[in-house]
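Analysis of the macromolecular model
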Amino acid sequence: MRFYDREKEIIFLREVRGMAETAARFTVVTGRRRIGKTTLIREAYKDAPFVYFFVARKAEADLCEVYLEEISEKLGIPTLGSSRHFSDIFRYLMQLSQTRSFTLVIDEFQDFYRVNKAVFSEMQNVWDEYEKTSHINLIVCGSIYSMMQKIFKDKKEPLYGRNTGELRVKPFKPSVLKQIMADAKPDYSKEDLLAMFTFTGGVAKYVNQLVDAGAVDKDGMIRHMISANSTFLTEGKNNLIEEFGKDYGTYFSILSCIARGKNTRSEIEDVVGKEVGGYLTNLEKDYELIAKRQPLFEKNTTKNVRYELDDVFYSFWFRFIFKYSYIIEIENYGKLQEIICRDYNTFSGLMLERYFHRVAMESEEYTRLGRWWDRKGENEIDMIGEDELSDSATFFEIKRQKDEISIGVLKQKAEVFMEATHQFKNYEIAYKGLSMEDM
């Protein structure tokens, strides 16, 4: 699959490189695994050689040997002979950047923790010494989000406050997914598009795998993902066990509950069998895997709370692959494919709501977006968009099929909402139904 989108990110990275010609820049690139961070950086800087260090999990001396070869090849200069310490190489590059500007990319930066924890404090000392006279464009990226957050946002860490910029790489927007589908399958259906979103969430690596495999219709995607040797089967464990450490079992149980619709704290604790407040806070604040949702304009921050998996792919993975891992263990992939097909309409209907929320965000038509439900669970509105500039608001009902939408019922729910919240007085109110036909 060819490179798609990321125009704004590429502009940002190239602007940073330009600024580095007059003053050193230190940019942190974050984003979940498989989102395409490294591919983005390579695309942004493809017009000129850059020094690329990958932090593999091996001895520091072995890494240094590889890094010295990279410097010699990319910058076309002899290096400092040999070195067993990364700090020596970093100092050499910072000194070199006093007379010439160049880009240094350090990938999987957080893994220096496993190589030599002292690297971070050593880098801090070198950076502080040469920052004022350097012209380096330093880019560091990492795929273990919690560790990258700790390195740069924990006041106790040596590199706290040293970065001059940050770029968060996010999933493809709906418009980009549509372009990818159009290129891969010009006659794609709305069902195909919804399936691509439901199974990948717009994460670049997953989209790329399905497109390259020719799995661009719903059934083809399911067959490709749920098959012997499929990387999708182990993806959740491979990505998250390292994030969670020894507590991964509890975290997985919580995420599985949320993916199955057990989205209140009491429901989760009933299933997990223990107090989960601290775990939920970590999942929301440290790992940014879940979001704490409340009805729009809810004033009490602790009432009527629902938890939601922010990542669409993990919603799918925990709902089907993790839940039915016992079927995968006996290699009965056909049965799991049948289960996914059986439950697909219900699950994809929930993901359709996520899709249209992203469409609304991409449109930039609203100043506020959210959902609403009353405390009894009798009235629920799928999406509300407010535009404070025009004093207008739109209430949305979202269903897979158009004939399932009732604007009359939506209006009744909106009246309950306005009576309960006292919002949107003197606003121009609109009501709209959204279905797969509107994708």
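Residues numbered from 1 in each chain as written. Predicted model: local features only at pLDDT ≥ 70, side-chain atom pairs only at ≥ 80, totals over all residues. Heavy atoms only, no water.

**Here we look at the sheet that holds strand β10 (residues 392-398)**
The strands that make up a sheet are held in pairs by hydrogen bonds between backbone atoms, and each pair lies either parallel or antiparallel. Basically, it comes down to this: Paired strands are those between which DSSP finds at least two bridges. Numbering of helices and strands runs from the N terminus, with a helix taken as a DSSP run of H or I at least four residues long and a strand as a DSSP run of E at least two residues long. Between N-to-C directions, angles cover 0 to 180 degrees, with each direction set by a line fitted to C-alpha atoms, over the stretch in contact for helices.
Spatially, four strands are ordered β8-β9-β10-β11 in an open sheet, and the strand pairing comes out mixed. Across the chains shown, the open sheet's two edge strands, defined by having one partner strand only, are β8 (368-373) and β11 (428-434). Across the sheet, the mean angle separating the axes of adjacent strands is 25 degrees when strand polarity is ignored. As paired elements, β10 and β11 share seven bridges and run parallel to each other. When the sheet's bridge partners are listed, F395 is paired in β11 with Y431.

**As for the side chain of T103**
Applicable threshold: Each polar contact in these results corresponds to two N or O atoms within 3.5 Å; when the atoms are within protein, one needs to be able to donate a hydrogen and the other to accept it, and residues that are neighboring in sequence are counted only if both atoms are side-chain atoms. We call two residues in contact when some of their heavy atoms are within 4.5 Å.
Along the chain, T103 falls in strand β3 (residues 102-107). Polar contacts involving the side chain of T103 include one to the side chain of N137, which spans 3.0 Å. T103 has contacts with R17, Y45, F50, V51, N137 and I139, leaving out every residue within four places of it along the chain.

**Here's the deal with the sheet that holds strand β5 (residues 165-168)**
The parallel open sheet is built from five strands, whose spatial order is β2-β3-β4-β1-β5. With partners counted over all chains shown, the strands left at the sheet margins are β2 (51-54) and β5, one partner each. Strand-to-strand twist across the sheet, computed as the mean angle between neighbouring axes with direction ignored, equals 15 degrees. Taken together, the four bridges between β2 and β3 define a ladder with parallel strand orientation. If you follow Y52 over to β3, its bridge partner there is V105.

**Regarding helix α6 (residues 118-130)**
Because each turn of an α-helix spans 3.6 residues, side chains separated by three or four positions in sequence point in the same direction. So the rule is basically this: Multiplying 1.5 Å by the helix residue count minus one yields the expected span of that helix. Exposure categories follow from relative accessible area, calculated using a 1.4 Å probe and restricted to protein chains: below 20% of the type maximum is buried, above 50% is exposed, and the middle band is partly exposed.
Here α6 spans 19 Å end to end across 13 residues, near enough to the 18 Å set by a 1.5 Å rise per residue. Along α6, the residues that are buried comprise V119, F120, M123, Q124, V126, W127 and Y130.

**Things to note about the nonpolar core**
Cut-off, in case you're wondering: Put simply, buried Ala, Val, Leu, Ile, Met, Phe, Trp, Tyr and Cys residues joined by side-chain atoms within 4.5 Å make one nonpolar core.
Core analysis: the largest hydrophobic core is formed by 89 residues, its most contacted members being F199, I226, F244, L255, L283 and F316. The element best represented in this core is helix α18 (residues 333-363), accounting for eleven residues. In this structure, F316 is in contact with T198, F199, M225, I321, I340 and F347, ignoring residues within four places of it in sequence. Residues L63, I77, L96 and V140 belong to the second largest nonpolar core, which totals 40 residues.

**Topic: the pattern of salt bridges**
Condition: One speaks of a salt bridge when a side-chain nitrogen belonging to Lys or Arg is within 4 Å of a carboxyl oxygen belonging to Asp or Glu.
Applying the stated criterion to the full structure yields 32 salt bridges. Here R114 ties to E242 by a salt bridge, and the two come within 3.1 Å at their closest N and O atoms. With R114 in helix α5 (residues 112-115) and E242 in helix α12 (residues 235-244), this residue pair connects regions lying 128 residues apart in the sequence. For R114, a relative accessible area of 52% puts it in the exposed group. Since its relative accessible area comes to 22%, E242 is described here as partly exposed. The network of salt bridges with shared partners includes R33, R57, D111, R114 and E242.

**Brief notes about the packing of α12 against helix α16 (residues 312-322)**
We count it as follows: Angles are sorted into four bins: roughly parallel if under 35 degrees, roughly antiparallel if over 145, roughly perpendicular if 65 to 115, and oblique for all others. Should the near helix be turned counterclockwise from the far one by less than a right angle, the crossing is left-handed, whereas a clockwise turn marks it as right-handed.
α16 packs onto α12 with a crossing angle of 110 degrees between their chain directions and a minimal axis gap of 10 Å. In terms of orientation, α12 and α16 fall into the roughly perpendicular class. The way α12 lies across α16 gives a crossing that is left-handed. Contacts from E235, G236, K237, N239 and L240 in α12 reach F313, Y314, W317 and F318 in α16.

**Comments concerning the environment of D111**
As for its position among the elements, D111 is in the loop between β3 and α5. The class for D111 is buried, based on a relative accessible area of 5%. Between the C-alpha atoms of D111 and F54, which are 57 residues apart in sequence, the distance is 9.4 Å. Not counting chain neighbours up to four residues away, the residues in contact with D111 comprise V55, R57 and E242.

Geometric descriptors of this kind do not, in isolation, establish any biological role.
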